[in-house]
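# Analysis of the macromolecular model
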Amino acid sequence: MKRRDIKDEVHWTVTASTEPTCQKLIGSVDVDVLVVGGGLTGCRTALGLADAGVSVALVDAREIGWGSSGRSGGQCNPIWRQTPQQLEEMLGATHGKNLVRTTLRAADDLFSDIETFGVDCDPVQTGWIQAAHTKKTSKNLGVLGKAWVAEGADIIEIEGDAVREASGSPAYSFALRHAAGGHVQPLSLTRGYACAAVARGARIFKDSPITGLERNDRKWCAKSCQGEFSAEHVVLATNAYSEGLWPGLSKTYHSLFSVVLATQPLSVEQQQAVLPGKVTISDTRLAIYYARYDRDGRLIFGCVASSENVNAFGGFGRLMRGLKTVFPQLADVPIERKWAGRIAVTPEMMPHLHEPAPGVLAGLGFSGRGIAMSSVMGRALSAKLLGAVSEDLPFPVLPIKPIPFHAVTSRLIPLAAPAMTLKDKFDTLTNGV
């Protein structure tokens, strides 16, 4: 297939499950809780509240799952880049231990949610290969794996031919295999959470951007172009699309980008040789490569990009070079679709939970761990609104603290992917595989 014949469209929109029942906001709506943002975090929060009998509305500026949640690779990568000890040092002993416990069950909790709420999202939990791209990162990855195994994680080290057999890639010689990892159809997961919330009484609104949020007597008033919400509590779950919604919130993270492709369905023989058993893979590059299959045997392959324009410099061209690097046997496989999306990345590479005013919560910044951890955040937000004390949550409640020189560093983001790629190439040349 020639490059000009490849469709610029998000593959997940083609194979997604049924959309939830939504309407555009017209007039006034009064609820206990308003959730702003119809991605995974917002939909899981609304579901948790509706399941507990709370009056809840969810609103999105566009379609449910239109943003990051419907554009990701859909991989459930269930541990952090930090060791448990590093998490405790970063978050404090209480929240560090809470997050370690939550992380160890995060993947199983996600797949349990899918079963409990009857979510039709092509769930597969057959493991995640976390591969090292240099000898130095092999050592670091080994330390990370041992630290999590000591806490109870089901992780094994694989080396040499075992890595190539498990992944189908000749590009790596050391990896961790995480038994709990897996993948989902991310737009279907988002829609499934929303549908389950509607079935439990939640009201969902689309194409209704919130243009203002202010305190009115004892409630919050959220205005849209043709109506308004009145709510005792507001949850901001807009992640990488938080511009202007709350002062300083969009300056607590940087918007990075990913670019993704979907091949034509591979043959049975190809699927047996590449990612056999439907495992997922991601590597330790700064400009990460990752891959998994969809339900029809298409390989979904992604990497870090320079912008939301899939055809921009550092986008699709780099993606194709990455595919040939990781799976050279697929260098000539036809590509059906390509697309891009945003990723909200915090300085700590960890999500943030904020309470900027009484009655307002915000959860965002999943830094590449969104499939598993957005659901963790959604459960945490709903739990806090249902009365859980902050000390029992997996994330500490942080003040909104803008990144220093955010405006300057944001303008440098288009250079990030090329710079990281050069660093990865240098590391590979100097450290070997």
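Described in the following lines is the structure provided in the data block. This is a predicted model, so every value here is computed, not measured. (Residues numbered from 1 in each chain as written. Predicted model: local features only at pLDDT ≥ 70, side-chain atom pairs only at ≥ 80, totals over all residues. Heavy atoms only, no water.)

### Brief notes about the overall build of the chain
Spelled out, the test is: By the criteria applied, helices consist of DSSP H or I runs no shorter than four residues and strands consist of E runs no shorter than two, each listed in order from the N terminus. Each radius of gyration is computed over the set of C-alpha atoms, and the globule rule expresses the reference value as 2.2 Å times the number of residues to the power 0.38. Think of it in three bands: with a 1.4 Å probe and only protein chains considered, a residue is buried below 20% of the maximum accessible area for its type, exposed above 50%, and partly exposed in between. Contacts were defined at the residue level, with two residues in contact if any of their heavy atoms lie within 4.5 Å.
In terms of helices and strands, the chain carries twelve helices and 20 strands. Computed over C-alpha atoms, the radius of gyration of the chain comes to 21 Å, within 12% of the 22 Å expected from 2.2 N^0.38 for 433 residues, which places it in the range of a compact globule. Counting only C-alpha atoms and orienting by the principal axes, one finds that the chain spans roughly 65 × 50 × 45 Å. Burial statistics for the chain: of 433 residues in total, 56% are counted as buried. Of the contacts formed within the chain by residues at least 6 apart in sequence, a portion of 75% connects residues at least 24 apart.

### Side note on the packing of aromatic side chains
What counts, and what does not: Aromatic pairs are defined between Phe, Tyr and Trp rings, using the six-membered ring for Trp, whenever the two ring centres lie within 6.5 Å; interplanar angles under 30 degrees are classed as stacked, those over 60 as edge-to-face, and all others as tilted.
Summed over all chains, the structure comprises six aromatic pairs. Judged by centre distance (5.8 Å) and plane angle (35°), the rings of Y289 and F301 are tilted. Of this pair, Y289 sits in strand β15 (residues 289-293) while F301 sits in strand β16 (residues 298-305), and the two are twelve residues apart along the sequence. Exposure remark for F301: the relative accessible area of 1% places this residue in the buried category. What links up through ring pairs into an aromatic cluster is the set Y289, F301 and F327.

### Observations regarding the sheet that holds strand β14 (residues 280-283)
We count it as follows: Pairing between two strands is assigned when DSSP locates at least 2 bridges connecting them. Angles shown run from 0 to 180 degrees and are taken between the N-to-C directions of axes, each axis being a line fitted to C-alpha atoms and, for helices, limited to the stretch in contact.
Spatially, the nine strands line up as an open sheet ordered β1-β17-β13-β16-β15-β14-β5-β7-β6, and their pairing is mixed. Bordering the open sheet on either side are β1 (7-8) and β6 (155-159), each of which pairs with just one other strand. As paired elements, β14 and β15 share two bridges and run antiparallel to each other. Pairing of S282 across the sheet is with Y290, part of β15. Sheet strands in contact with helix α5 (residues 135-150) are β5 (128-131), β6 and β7 (174-178), and its direction is about 25° off that of β7. Along the sheet, helix α9 (residues 316-326) makes contact with β13 (254-265), β15, β16 and β17 (335-345), crossing β16 at roughly 125°.

### With respect to the nonpolar core
Convention followed: For our purposes a nonpolar core is just a set of buried Ala, Val, Leu, Ile, Met, Phe, Trp, Tyr and Cys residues, chained together by side-chain atoms within 4.5 Å.
Counting residues in hydrophobic clusters, the biggest one holds 59 residues, and the most contacted among them are W148 and L189. The next biggest cluster of nonpolar side chains, apart from the first, holds 36 residues, and it includes V163, A166, I281 and C303.

### As for the pairing of strand β11 (residues 219-224)
Across five bridges, strand β10 (residues 212-216) lies against β11 in antiparallel orientation. The residue of β11 that forms the bridge with E214 is C221. Counted along the chain from β10 to the antiparallel partner β11, the turn is two residues long, and its residue D217 has a positive phi close to 60°. Pairing geometry for β11 and strand β12 (residues 227-236), over five bridges, is antiparallel. Residue S224 lies in a different strand from β12, and its bridge partner there is G227. Connecting β11 to the next strand, β12, in antiparallel fashion are two residues.

### Some words on the pairing of β12
Note: strand β2 (residues 27-36) against β12, nine bridges, orientation parallel. Residue D30 lies in a different strand from β12, and its bridge partner there is S230.

### Quick notes on the pattern of salt bridges
Filter applied, for reference: Between Lys or Arg on one side and Asp or Glu on the other, a salt bridge is scored when a side-chain nitrogen of the former is within 4 Å of a carboxyl oxygen of the latter.
On inspection of all chains with the given rule, the structure shows 24 salt bridges. With a closest N to O distance of 4.0 Å, E19 and R191 form a salt bridge. Highlighted residues: E19 in the loop between α1 (12-15) and β2 and R191 in helix α7 (residues 186-199), separated in sequence by 172 residues. The partner of D296 in a salt bridge is R295, with the nearest N and O atoms 3.8 Å apart. A relative accessible area of 38% places D296 in the partly exposed class. Through salt bridges with shared partners, a single ionic network connects E9, D122, D294, R295, D296, R298, E336 and R337.

### Digging into the packing of helix α2 (residues 40-51) against helix α10 (residues 370-385)
Operational definition: Each angle is binned into one of four classes, with values under 35 degrees roughly parallel, values over 145 roughly antiparallel, values of 65 to 115 roughly perpendicular, and all other values oblique. Take the far helix as the reference: if the near one is turned anticlockwise from it by less than a right angle, the crossing is left-handed, and if turned clockwise, right-handed.
Relative to each other, α2 and α10 sit at 40°, their axes nearing to 8 Å. Of the possible angle classes, the one that applies to α2 and α10 is oblique. Where α2 crosses over α10, the handedness of that crossing is right-handed. Seen from α2, the contacting residues are L40, T41, R44, T45, G48 and L49; seen from α10, they are G370, I371, S374, S375, M377, G378, R379, L381, S382 and L385.

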